[in-house]
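# What the coordinates show
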Amino acid sequence: MSEPPAPTAPDLVCPAGSLRALQAAVDAGADAVYLGLKDATNARNFAGLNFDDAQVREGVAYAHSRGAQVLMALNTYADARDDTPWRRAVDRAAALGTDALIVADSAVMAHCRDHHPQLRLHLSVQASATSHAAIEFYRQRYGIQRAVLPRVLTLQQVGQVIRHTQVDIEVFGFGSLCVMVEGRCALSSYVTGQAPNGAGVCSPASAVRWQEGPDGVEARLGGVLIDRYGPDEPRGYPTLCKGRFEVGGTRDYAIEEPTSLNTLALLPELMRLGVKAIKIEGRQRSAAYVQQVTTVWRQAIDQAAAQPGRYAVRPDWTAMLARHAEGQQHTLGAYDRPWR
Amino acid sequence: MKSPRLQLNVGPVLYHWPRQDLLGFYAAVADSPADRVTLGETVCARRRELRLDDWLALGRELAAAGKQVVLAAQTLVETEADLRLIERQGEQHDFAVEAGDASALQLLAGRVPLVLGPHLNLYSRAALAEHADLGATRWVAAVELPLDAVALINPVADPVRSPRGEAIETEVWAFGRLPLAFSARCFTARHHHLPKDDCGFRCLADPDGLLLSSTEAEPFLVLNGTQTQSARVHSLLADAAALRAAGVHSLRLSPCAQGFEAVLADFEAVFNQDQPALGRAEAWAALGVPAPLANGYAHRLAGMAWAGR
């Protein structure tokens with residue numbers, strides 16, 4: 001039997017929290033890297049992370065000279081008191097030669113449309129567009145050319161969206177997992193006053209307190225006990241949806257266990273559905289993470305594109321990705337709902 | 001000068017109540033001081049104690065009782081069936097529809113009058129202005145938004161206007177557990193070790209949601225199927241002056257299973273009859289209204305905080 005025609009390889013879109021990570025991603029075979037500025041205009045607004053203008057310029061030059069693209073995440077919501085940082089970030093992205101903006105706020109999109117119509121726009125996952133009708137709303141009004149789907153849709157739903165839209169679809173392939181719809185979660189601001197939509201942070205480190213208590217080590221966020229660890233239990237960062245809580249007399253991970261998304265096994269299916277880009281999460285992670293995860297995914301995409309019928313996840317890929325998985329566990333996330 | 005009436009809007013019932021309980025609740029609302037009622041199942045497409053035709057019939061009854069009725073669209077739209085339901089909400093001509101996401105904006109703009117719902121992520125004046133040409137008469141501020149931001153987004157003196165010049169009204173979440181997050185996953189089913197598609201509708205047993213507490217027994221969140229709410233009840237009963245200063249026209253009171261009539265009566269007394277707020281909220285717990293209270297979001301604090309006087 002002959003192989004079916006090879007599907008087009010999706011773009012591999014990799015995270016860059018620093019110039020070193022950007023270079024690592026490009027060297028390891030990323031088709032595009034995404035980055036953010038050093039302020040609240042992007043959803044990874046962490047100390048020590050992200051780019052100033054000179055670094056963006058250097059990163060763009062590095063990527064472009066090696067055939068890779070640079071996307072700028074401008075995916076928080078402009079502040080009612082002062083939207084200047086968001087409007088200026090658009091102007092800076094245009095001036096610095098980035099290839100596309102990843103946007104969530106209609107106010108930001110309107111500024112792009114009205115002042116920089118040549119800028120390519122990608123709809124951020126933070127815009128929470130979960131249907132082709134929602135994507136069409138942003139395409140008609142702002143001309144978005146790609147949409148990143150929230151991590152809550154099944155494969156079948158991803159396929160449904162792709163069949164009904166002319167916008168390119170990007171999905172998450174690997175990284176930390178949000179169980180809530182991105183852009184629609186205020187849990188962090190409820191506890192700390194700061195959340196992804198406005199501040200670009202979730203469960204911020206400034207609100208975390210570790211305490212040694214009589215019953216173990218306690219991790220608190222904004223004063224709320226998110227988890228308590230026995231002497232032999234591995235400790236995780238107290239992201240509030242990943243804590244252990246009590247419901248109906250049972251203490252457990254009541255919302256989400258600390259796991260990572262890994263869709264390597266689904267790659268041929270994602271390609272068959274017509275996914276145009278695969279995103280690796282983790283601008284907050286190290287350059288070594290970016291280098292290793294990009295390497296694995298480059299090999300996987302190349303193999304799936306060359307010989308889709310013979311594609312198989314290689315054990316060394318799984319082993320490498322497992323080293324970087326949160327909670328040392330991998331799941332296919334919502335794409336394959338074991339809980340459905 | 002007498003201040004204008006602050007409209008009281010009974011928000012959609014966010015929990016899964018049996019049909020008879022829903023009908024009983026709305027019979028009481030018909031006789032209440034509420035000006036507006038927003039109707040529909042916004043959380044889970046599997047909950048069908050009332051179908052669209054039932055909601056429409058209920059809406060006509062409430063309209064006959066003098067209430068302004070709005071249909072609410074689902075918040076998380078995932079399937080073709082979800083989209084078809086929104087389409088059908090656009091095929092009726094009796095009521096405006098409150099958009100829960102951009103799908104509803106896309107499918108309904110120009111077909112029915114719209115209310116911009118609280119989960120559309122309108123965080124600045126420019127964002128609200130971007131939605132002014134969709135046929136919207138009112139916007140409901142995101143629950144996270146402080147009142148100072150609400151005042152900047154749609155100021156009384158210079159409101160955002162539709163292309164026809166009509167000022168868009170502002171509604172603020174003034175009472176009830178806060179819807180904080182949405183997921184495709186059902187946390188109630190997960191708690192009962194049941195698959196979502198065969199959940200047995202266990203959420204029917206939780207008329208105010210399923211309480212989630214910290215390991216040291218602090219009530220923290222409430223699981224309501226695919227929606228996660230605050231355990232604390234957001235209440236702006238004591239914030240009348242700040243609400244009026246922010247240019248708010250309408251207060252959203254989100255239903256709870258018990259004591260809601262008293263809550264409505266108290267908001268009416270404080271906001272529209274110049275009665276003092278003091279002591280009123282303290283009486284709610286004895287009526288079965290969930291507690292404790294919070295108002296942090298309104299004051300640019302963590303949402304679970306209480307900004308006292």
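Summarised in this report is the structure supplied together with it. Note that the structure is predicted; figures quoted are calculated from it, not measured. (Residues numbered from 1 in each chain as written. Chains lettered and ligands numbered in written order. Predicted model: local features only at pLDDT ≥ 70, side-chain atom pairs only at ≥ 80, totals over all residues. Heavy atoms only, no water.)

Attention now goes to the overall build of chain B. In terms of helices and strands, chain B carries 9 helices and 12 strands. In summary, chain B has a C-alpha radius of gyration of 18 Å against a globular reference of 19 Å for 309 residues, a match within 12%. The principal-axis extents of the C-alpha atoms in chain B amount to approximately 55 × 45 × 35 Å. Here chain B, with 309 residues, has 61% of them falling under the buried criterion. Accessible surface, chain B: about 11,300 Å² in total, of which carbon and sulfur atoms supply 53%. Taken as two groups, the 28 positive and 36 negative side-chain charges of chain B have centres that lie 0 Å from each other. (Helix = DSSP H or I, 4+ residues; strand = E, 2+ residues; numbered from the N terminus. Rg over C-alpha atoms; globule rule 2.2 N^0.38 Å. Buried < 20%, exposed > 50% of the residue type's maximum accessible area, 1.4 Å probe, protein only. Areas by Shrake-Rupley, 256 points an atom, 1.4 Å probe, with all protein chains shown as cover. Lys, Arg positive; Asp, Glu negative; His and termini not counted. Charge placed at Lys NZ, Arg CZ, Asp CG, Glu CD.)

This paragraph deals with the pattern of salt bridges. Across all of its chains, the model carries 40 salt bridges over all chains by this definition. Notably, a salt bridge pairs A:R113 with B:E130, separated by 3.2 Å at the nearest N-O pair. Highlighted residues: A:R113 in helix α4 (residues 106-115) and B:E130 in helix α5 (residues 125-130), drawn from two different chains. Residue B:E130 is classed as buried on the basis of its relative accessible area, which comes to 14%. A:E136 is the partner of A:R139 in a salt bridge, and the nearest nitrogen-oxygen pair spans 2.7 Å. Of this pair, A:R139 and A:E136 both sit in helix α5 (residues 132-142), 3 residues apart, which is roughly one turn of that helix. For A:R139, a relative accessible area of 24% gives the class partly exposed. Taken together, the shared-partner salt bridges in this structure form one network comprising A:D215, A:E218, A:R220, A:R228 and B:E216. (Salt bridge = Lys/Arg side-chain N within 4 Å of Asp/Glu carboxyl O.)

The next subject is the layout of surface pockets. Using a probe with the size of a water molecule, rolled over the atoms, empty space left in the structure can be pinpointed. Residue and element names in this part refer to chain B. Approximately 620 Å³ is the volume attributed to the second largest pocket. Residue lining of the second largest pocket: 32 residues in total, with A45, R48, Q74, D82 and L85 positioned closest to the centre. Taken together, the elements giving at least two residues each to the lining of the second largest pocket come down to α2 (52-64), β3 (68-72) and α3 (80-91). The element that contributes the greatest number of residues to the lining of the second largest pocket is α3, accounting for 6 residues. Counted by class, the lining of the second largest pocket contains 13 nonpolar, 6 polar and 13 charged residues. (1 Å grid on protein atoms, 1.4 Å probe; cavity = no way out; pocket = protein on both sides within 12 Å on 5 of 7 lines; lining within 4 Å. Points joined across faces, edges and corners; volume = space filled by probe spheres on them. Nonpolar A, V, L, I, M, F, W, Y, C, P; charged D, E, K, R; others polar.)

Counting residues at the interface gives 63 residues for chain B and 66 residues for chain A. In total, chain B and chain A occlude about 5,300 Å² of area from one another, counting both sides; carbon and sulfur atoms represent 56% of this. Looking only at chain B, the three residues that lose the most surface to chain A are B:Q106, B:E130 and B:T215, adding up to 13% of its buried area. The interface formed by chain B and chain A includes 4 salt bridges. One can count 33 residue pairs in polar contact (both at pLDDT 80 or more) joining chain B with chain A. Across 2 bridges, the pairing between strand β12 (residues 245-247) of chain A and strand β8 (residues 210-213) of chain B is antiparallel. Bridge pairing links A:V247 to B:L212 in β8(B). (Contact = heavy atoms within 4.5 Å. Buried area = accessible area lost by both parts, 1.4 Å probe. Polar contact = N/O pair within 3.5 Å; in protein donor to acceptor, adjacent residues only side chain to side chain. Pairing = 2+ DSSP bridges.)

Further remarks concern the packing of α4(A) against α5(A). Describing two packed helices takes the angle between their axes plus the distance from one axis to the other. Residues and elements named next belong to chain A. The contact between α4 and α5 brings their axes to 10 Å, and the two run at 30°. Between α4 and α5, the angle falls in the class roughly parallel. Mapping the contact onto sequence places S106, M109, A110 and R113 in α4 and Y138, R141 and Y142 in α5. In terms of residue class, the contact of α4 with α5 is built from 4 nonpolar, 1 polar and 2 charged. (Axes fitted to C-alpha atoms, helices over the stretch in contact; angles between N-to-C directions. Parallel < 35°, antiparallel > 145°, perpendicular 65-115°, else oblique.)

Bringing the packing of helix α1 (residues 19-30) of chain B against α2(B) into the picture now. Residue and element names in this part refer to chain B. Orientation of α1 relative to α2, taken along the N-to-C sense of each, is 20°, at an axis distance of 10 Å. Our classification of the angle between α1 and α2 gives roughly parallel. The element α1 and its partner α2 pack so that their crossing is right-handed. In contact with R19, L22, L23, Y26, V29 and A30 of α1, α2 contributes D54, W55, L58 and L62. Here the contact of α1 with α2 is built from residues that sort into 8 nonpolar, no polar and 2 charged. (Left-handed = near helix turned anticlockwise from the far one by under 90°.)

Turning our attention to the nonpolar core. Within the largest apolar cluster, 163 residues are counted, with the highest numbers of intra-cluster contacts made by A:L101, A:W297, B:Y26, B:W139, B:F175, B:L251 and B:F267. Take this core: its biggest share by element is 10 residues, from helix α10 (residues 287-306) of chain A. Ignoring any residue separated from it by four or fewer positions in sequence, one finds B:Y26 in contact with B:G11, B:V13, B:V37, B:T38, B:L39, B:W55, B:L58 and B:L62. Listed in part, the 34 residues of the second largest apolar core include A:M180, A:I255, B:L180 and B:L212. (Core = buried A, V, L, I, M, F, W, Y, C linked by side-chain atoms within 4.5 Å.)

All names here are of chain A. Mapping G200 onto the fold places it in the loop between α8 (196-199) and β9 (208-213). Owing to a relative accessible area of 0%, G200 belongs among the buried residues under this scheme. Leaving out residues up to four positions away in the same chain, G200 has contacts with N42, A43, R44, N45, F46, T76 and A195.

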